[in-house]
Amino acid sequence: MKYVGGKHLQAKYYVPIIQSKIEEFGDNLATYIEPFIGGGNIFCKVNAKNLGQRLGMDIDCDLIALWEYLRDNPEAPDIIPIDRETYYDVKTNPDNYQAHFRAYVSIACSYRAKKWGGFARDTTDRKTGSTRKYSSEAISRIKKDAALLKPNDAFYCLDYLEIKSESLPDNTVMYCDPPYANTTGYREGSFNHTAFWTWVVGLKHAKPETKILVSEFTLPENIPHTALFEKKKDIALIQGSRQVTEYLVEIEA
């Protein structure tokens, strides 16, 4: 689905790499984990002949409720166009609405898909006269993703720090897409990048056979890793827009 910081454009590069890592486990059933599922642009597309189960996590419980709803209701009957009045009523009176609908409205119906970033109305190009129907785009994307979900996909509302090495299944591939350093955030409060990298290194040392992949713009020099993919892109950073290099790396023990 549309989500600020989502990986819709990167999926064609990342998914084959992640799937190859899963297939490295051979005939052993593998588990795929995303601690920051967000818009699920990678999660929904990852597959492999030896993939046993996909696990998606996020600290946003409404978002997890939406993923569970889409898994159980592939036709997504509740995902319908809304107007500005409905958008702000859901924001003002959240308890009047189900969690999955709150997530849909607050994210997919918001400007640039940033949670409660303002109602994303349809826009018309003054030069061409063409109209961009934002809500239709968002609904189409969500329903395409819902069609890729599997009955045994599991979703959990939890903080990534709650994931411990002893709870990781054998033959696990984990892809981490945390909030990037110095970028426009998609969640309230600041993200502790030092704590994140400490957690990643700790997991890898405790369970070295686990394959941990991370995407980021900024990589600490002291973190052993192998670069799997990199691509330059224009991005809005806190200090202004500029071109940066986005990396996908595998953490080494």
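Reading the values: rules and limits
Residues numbered from 1 in each chain as written. Predicted model: local features only at pLDDT ≥ 70, side-chain atom pairs only at ≥ 80, totals over all residues. Heavy atoms only, no water. Axes fitted to C-alpha atoms, helices over the stretch in contact; angles between N-to-C directions. Helix = DSSP H or I, 4+ residues; strand = E, 2+ residues; numbered from the N terminus. Parallel < 35°, antiparallel > 145°, perpendicular 65-115°, else oblique. Contact = heavy atoms within 4.5 Å. Salt bridge = Lys/Arg side-chain N within 4 Å of Asp/Glu carboxyl O. Buried < 20%, exposed > 50% of the residue type's maximum accessible area, 1.4 Å probe, protein only. Core = buried A, V, L, I, M, F, W, Y, C linked by side-chain atoms within 4.5 Å. Phe/Tyr/Trp six-rings, centres within 6.5 Å; stacked < 30°, edge-to-face > 60°. Lys NZ or Arg CZ within 6 Å of the ring centre and 35° of its normal.

Chemist: What should I look at first to understand the packing of helix α2 (residues 61-72) against helix α4 (residues 99-108) in this one?
Modeler: The description of two helices packed together rests on the angle between their axes and the distance between the axes. It is the contact of α2 with α4, at a shortest axis distance of 7 Å, that shows an interaxial angle of 110 degrees. When the axes of α2 and α4 are compared, the pair comes out roughly perpendicular. Only A99, H100, R102, A103, Y104 and I107 of α4 make contact with α2, whose side of the interface consists of D62, L63, A65, L66 and Y69.

Chemist: How do you make sense of the environment of V90 when you look at a structure like this?
Modeler: Tracing the backbone shows V90 in helix α3 (residues 84-92). Counting along the chain gives 34 residues from V90 to G56, while the straight-line C-alpha distance between them is 25 Å. Every residue in contact with V90, bar those within four places of it in the chain, is listed here: Y97, F101, R102, V105 and W116.

Chemist: Help me understand the pattern of salt bridges in this model?
Modeler: Oppositely charged side chains can form a pair if their charged atoms are brought close together. Taken as a whole and assessed by the stated rule, the structure comprises 11 salt bridges. The residue K7 makes a salt bridge to E246 at a minimum N-O spacing of 3.8 Å. In this pair, K7 is assigned in the segment before α1 (11-23) and E246 in strand β9 (residues 240-251), connecting sequence segments 239 residues apart. As far as the burial class goes, K7 and E246 line up, both buried. The partner of D62 in a salt bridge is R102, and the shortest N-O contact between them spans 2.9 Å. A residue pair is termed long-range when its members are at least 10 positions apart, and D62 in helix α2 and R102 in helix α4 qualify at 40 residues.

Chemist: It is not clear to me how the nonpolar core should be interpreted in this structure. Could you clarify?
Modeler: Among the nonpolar cores identified, the biggest contains 48 residues, and I18, Y32, L70 and Y104 are the most heavily contacted of them. When sequence neighbours within four positions are dropped, the list of residues in contact with Y104 reads L66, I79, I80, P81, I82, C109, I139 and I142. The next biggest cluster of nonpolar side chains, apart from the first, holds 23 residues, and it includes I163, C176, L203 and I212.

Chemist: When you look at the environment of Y180 in this model, what are you seeing that I'm missing?
Modeler: You can see Y180 is positioned in the loop between β6 (172-176) and α6 (193-206). Judged by its relative accessible area of 9%, Y180 is buried. With 28 residues separating them in the primary sequence, Y180 and P208 have C-alpha atoms 25 Å apart. Ignoring anything within four residues of it in the chain, the contact list for Y180 reads K7, H193, S215, E216, F217 and E246.

Chemist: For this particular structure, what's the right way to read α4?
Modeler: Each α-helix turn comprises 3.6 residues. Residues three or four places apart therefore point the same way. Across the 10 residues that make up α4, a large majority, 9, are buried. Within α4, burial applies to H100, F101, R102, A103, Y104, V105, S106, I107 and A108. If you follow the buried residues of α4, they end up packed against α2, α3 and α5 (134-146).

Chemist: What exactly am I supposed to notice about the packing of aromatic side chains here?
Modeler: Two aromatic rings are characterised by how far apart their centres lie and by the angle between their planes. Enumeration according to the criterion identifies 21 aromatic pairs in this entry. Ring centres of F101 and Y104 lie 5.9 Å apart, and the angle between their planes is 55 degrees; this geometry places the pair in the tilted category. Here F101 pairs with Y104, and both are found in helix α4, just 3 residues apart, close to one helical turn. An identical accessibility class is assigned to F101 and Y104; each is buried. Through a chain of ring-to-ring contacts, three or more aromatic side chains come together here, namely F36, Y160, F191, F196, W197 and W199. Above the face of the F43 ring, R54 is positioned so that its terminal group lies 5.0 Å from the ring centre.

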